[in-house]
Structures are given as C-alpha cells and as structure tokens.
Amino acid sequence: MNFILVNIKELLQVRTSASKILKGKALQDLPTLKNAWLHIENGIIVDYGEMKDFKIDSSIKSIDCTGKIVLPTWVDSHTHLVYAGNRESEFVDKIKGLSYAEIAAKGGGIVNSAQQLQETSEEELYKQSKIRLQEVIAQGTGAVEIKSGYGLTTAAEMKMLRVAKKLQEDFDLPIKTTFLGAHALPKKFNGNTKAYIDEVINKMLPKVVNENLADFIDVFCEKGYFELEDTERIIKAGKKYNLPAKIHVNQFTSFGGLQLSAEENVLSVDHLEVLTDEDIQHLKKSTTLPVALPSCSFYLGIPYTPARKLIENDLPVVLASDYNPGSTPSGNMNFVISLACIKMKMTPEEAINAATINAAFAMQVENEVGSITKGKRANIIVTQPIHSYAFLPYSFGSNHIEQVYIKGNPQIH
Ligand code: NIG
Ligand code: FE
C-alpha cells in the first residue's frame with residue numbers, strides 16, 4: 001500500500017529521530033505540524049511535510065483528512081489481555097463494598113482467573129483474547145505488551161504465552177510478552193511462597209526461555225502476594241536469561257519494592273498508586289521508567305499515581321491500561337488519556353507523550369512506533385473532524401477515532 005494523507009489539520013508527535021525518553025518539563029513538548037501531509041509506503045512512514053510544500057503526484061492515492069488530526073497509535077506497555085472468562089461476580093461484591101483483598105480472600109481474584117484459565121483450551125483462550133486485541137486496535141492501540149500470570153502452573157503459564165505469541169504471529173503490530181509466573185500463590189502451595197518461587201525460577205522460567213516465549217519478566221511485589229526477597233530473586237533470575245524486569249509494585253503499599261527495583265535498574269515499575277518521597281528519590285537515581293495505570297485506580301477506587309509529583313521531580317511518566325479481568329476490565333487507551341488529564345492533572349500534551357513515545361521505551365519498541373518518524377511503522381490514528389487534540393481527553397467516553405492504520409492497513413471497515 002502506497003498512499004498519502006493530505007490536508008491533515010494537525011499531525012502530532014512529529015520527531016526526526018527515535019527520540020529520547022521525555023521527562024519533567026520535556027513531557028510538555030508535543031511537536032506538531034499544522035495543515036500537513038503524511039506519505040506511507042509498504043506500511044512505513046516515508047515522508048511528511050506541510051501542504052504549502054506539497055507536490056502532487058497523481059500516481060499515488062491520496063486520502064483527504066480535512067479537519068482531522070493524525071497521531072501515532074497508542075502504545076500499551078502493560079496488559080494482561082490473554083485471560084479466560086470474566087469476573088463479573090466479583091464486580092457485584094465490589095459494588096457491595098468488598099475490597100480487592102477481601103475478594104481475593106474469598107477465593108476470587110487472580111486465583112479465580114487462574115482456575116478458569118487452566119480449564120480453558122489453548123484454542124478457546126486464543127479466540128477470547130483475539131477479540132480483545134481486535135477491540136483495542138479499533139480503539140487506537142498499535143503496540144501491546146501481554147503478560148502471563150493467570151496460569152500459575154508450568155503448563156498453563158506456557159499456554160498463555162503461546163497464545164500471546166500466536167497473536168504476535170497473526171497480527172502485524174509489535175507485541176511483547178512478559179512472564180509473570182509470580183502473580184499469586186497457588187492454593188496447593190499452602191502459603192509456602194518460597195517453594196513456589198523456586199518452581200517459578202527453576203522449573204517454569206527455563207522452559208519459557210527455551211521456547212522463546214517471553215521478552216520480559218514480572219512479579220507482583222505486594223503485601224499478601226510476594227515479598228522483597230521473592231521480588232529480588234525474580235529480577236535476578238530474569239537477568240540471568242537476559243529478560244529485563246517490569247515490576248508490579250506500590251499498588252497498595254510502599255515497603256521497599258521500589259527501592260529494590262530502582263537499585264536493580266529494572267526497565268519499568270508499574271502501578272505506583274502509593275508513592276512516598278523516599279520512593280521518588282530512589283527512582284531519580286535509576287533509569288527505571290514509572291508507569292501509571294489510571295484505569296486501575298478508577299475501577300478499584302484507589303489513589304491515582306501522583307504524576308505531577310513525578311514530573312516536578314524531573315522524572316518520566318508512562319501511561320498504560322493494565323487491561324485485565326480483576327482490576328481493570330478495559331483496554332481503552334483513550335479513557336486512560338482522559339483519566340490522566342482529568343484525575344492526574346496531566347496536560348493533553350503530557351498524556352499523549354506518556355502513551356506514545358515514552359510508552360514505546362517501556363516496551364523497547366521505540367525504534368518501531370511511538371512517533372511520526374521516517375522509517376517507523378505506519379501505525380497511526382486518524383480522528384474524526386475535531387476542533388483540537390485536547391478534545392480527545394476532554395470528551396471522555398466518546399469515540400472520535402475514524403480510522404486506525406496498522407502497518408498502513410486500515411483496521412476499521
Ligand atoms: O495489575 N496487581 C496485580 N495484577 C493485576 C490484577 C490482577 C487481577 O486482579 O486479576 C493488576 O492490577
Ligand atoms: Fe497489571
């Protein structure tokens with residue numbers, strides 16, 4: 001496919017090179033071109049410019065974008081979108097006032113999803129997950145990280161990762177996979193966390209690596225789930241196999257997981273709804289990326305990650321969905337952007353940067369996606385005619401996306 005989008009009202013996130021992670025004040029800088037054109041060839045961005053300099057080449061198909069805004073697709077660096085069934089019954093418990101911890105104690109939570117997944121065939125799991133992936137693509141997501149962690153046995157963890165790999169083969173967008181065996185303690189371990197971590201590290205991980213099923217490693221570092229010493233073992237085991245770590249940490253409590261992660265210089269620390277001044281100081285000494293998941297805060301009614309505090313401390317911010325059946329049953333990145341603006345007081349520019357270029361760094365695809373840059377994939381969003389890009393987060397819950405191109409191919413028919 002060879003085509004040119006013309007008369008674009010505003011082309012966002014135009015960067016000449018792969019760029020750097022944006023932190024502090026730099027997050028406010030969203031380079032744009034007004035009244036622009038964008039040339040796509042074989043699924044790649046080959047050129048762009050302003051209409052005043054546009055030379056008509058009638059041999060190339062042109063698509064009129066009058067009044068419309070064009071931007072790179074969202075990069076969702078944290079999801080659990082491969083899962084089986086749902087947890088609506090817990091939703092009702094939640095409405096009636098039970099907390100996340102109380103629901104888990106009743107046999108709900110991660111182990112509930114694990115049981116459903118263990119009983120689901122690989123084909124059926126693929127079918128359910130594919131529908132979710134297609135849905136988020138139509139909502140503008142053009143690169144996605146997918147975690148395991150609802151298997152909790154070697155066979156079921158491998159099943160999840162194989163499904164994610166099959167999605168990677170069947171869909172033409174960057175998909176990275178993360179091994180999250182240490183997501184919750186299976187019942188049969190009777191509280192013996194150390195024995196389960198031994199199994200994750202000595203039994204599951206070598207098999208996952210052997211089949212090349214994971215790009216990253218993760219652990220749920222949280223009271224009642226995994227302690228600091230478990231987290232440290234997981235990070236170090238990942239290093240041994242060259243799997244950078246992306247850690248679930250500081251969702252409900254701050255107890256040193258962030259210091260450990262920063263000292264180990266992990267790739268990202270995700271959640272951070274509870275973040276102390278001391279945690280911030282540790283982050284400042286590392287290159288670890290802080291990832292906020294505002295849809296999770298929205299759904300669970302827990303604090304929002306203090307993005308302004310991160311930015312004031314000259315730190316980067318990444319935004320992701322956390323799409324999963326328990327704490328965030330939505331993968332809609334448009335809603336994530338709205339929440340980041342409305343609840344976390346990020347500006348539209350900061351939120352868009354956090355969900356595109358910075359997010360690309362958090363899943364190591366910054367050379368492929370995340371900005372309008374020559375040579376990058378043509379994974380782009382075309383909006384309906386709208387007044388300005390701030391209208392996207394402002395009009396929360398509405399869909400203003402007209403077309404999504406993945407490698408230059410239109411996804412909405
Ligand atoms: O990122 N916090 C840990 N894991 C998921 C939720 C898992 C679940 O409740 O199923 C999260 O929020
Ligand atoms: Fe998560």
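Criteria and thresholds
Residues numbered from 1 in each chain as written. Chains lettered and ligands numbered in written order. Predicted model: local features only at pLDDT ≥ 70, side-chain atom pairs only at ≥ 80, totals over all residues. Helix = DSSP H or I, 4+ residues; strand = E, 2+ residues; numbered from the N terminus. Buried ≥ 20, exposed ≤ 12 C-beta atoms within 10 Å, placed from the backbone. Near = placed C-beta within 6 Å. Nonpolar A, V, L, I, M, F, W, Y, C, P; charged D, E, K, R; others polar. Pairing = 2+ DSSP bridges. Contact = placed C-beta atoms within 7 Å. Axes fitted to C-alpha atoms, helices over the stretch in contact; angles between N-to-C directions.

Trainee: Tell me about unusual backbone geometry, and name the residues and values.
Mentor: We note that asparagine 212 has phi near 55°; this positive angle belongs to a residue other than glycine. Note that asparagine 212 resides in the loop between helix 6 (193-210) and strand 9 (216-221). Its 10 C-beta neighbours within 10 Å are what place asparagine 212 among the exposed residues. Of note in this structure, lysine 407 is not a glycine but carries a positive phi near 50°. Along the polypeptide, lysine 407 turns up in the loop between strand 15 (401-406) and strand 16 (409-410).

Trainee: Give a description of the site of ligand 1 that names residues and reports values.
Mentor: Around ligand 1, the neighbouring residues are Gly109, Ile110, Ser113, Phe220, His248, Gln251, Cys296, Asp322, Asn324, Pro325, Gly326 and Ser327. A class-by-class count of the residues in the shell around ligand 1 yields 4 nonpolar, 7 polar and 1 charged.

Trainee: Can you tell me about the sheet that holds strand 12 (residues 289-292), naming the residues and giving the values?
Mentor: A sheet is described by the order of its strands in space; here 8 strands give the open sequence 6-7-8-9-10-11-12-13, paired in parallel fashion. Sheet topology places strand 6 (74-76) and strand 13 (318-319) at the edges, where each strand pairs with a single neighbour. Of the pairings in the sheet, the one linking strand 10 (residues 246-249) to strand 11 (residues 268-271) comprises 4 bridges and is parallel in character. Residue pairing in the sheet places valine 249 in a bridge with histidine 271 of strand 11. Here helix 7 (residues 228-240) sits on the sheet and contacts strand 8 (175-182), strand 9 and strand 10; the angle it forms with strand 9, its principal contact strand, is near 180°.

Trainee: Provide a residue-level description of the pairing of strand 5 (residues 68-72), including the pertinent values.
Mentor: Counted residue by residue, strand 5 has 5 buried out of 5 residues, so it is predominantly covered. Neither face of strand 5 is open: one carries Lys68, Val70 and Pro72, the other Ile69 and Leu71, and all of them are buried. Pairing of strand 5 with strand 14 (residues 380-385) involves 4 bridges; the strand directions are antiparallel. Of the residues in strand 14, the one forming a bridge with lysine 68 is proline 385.

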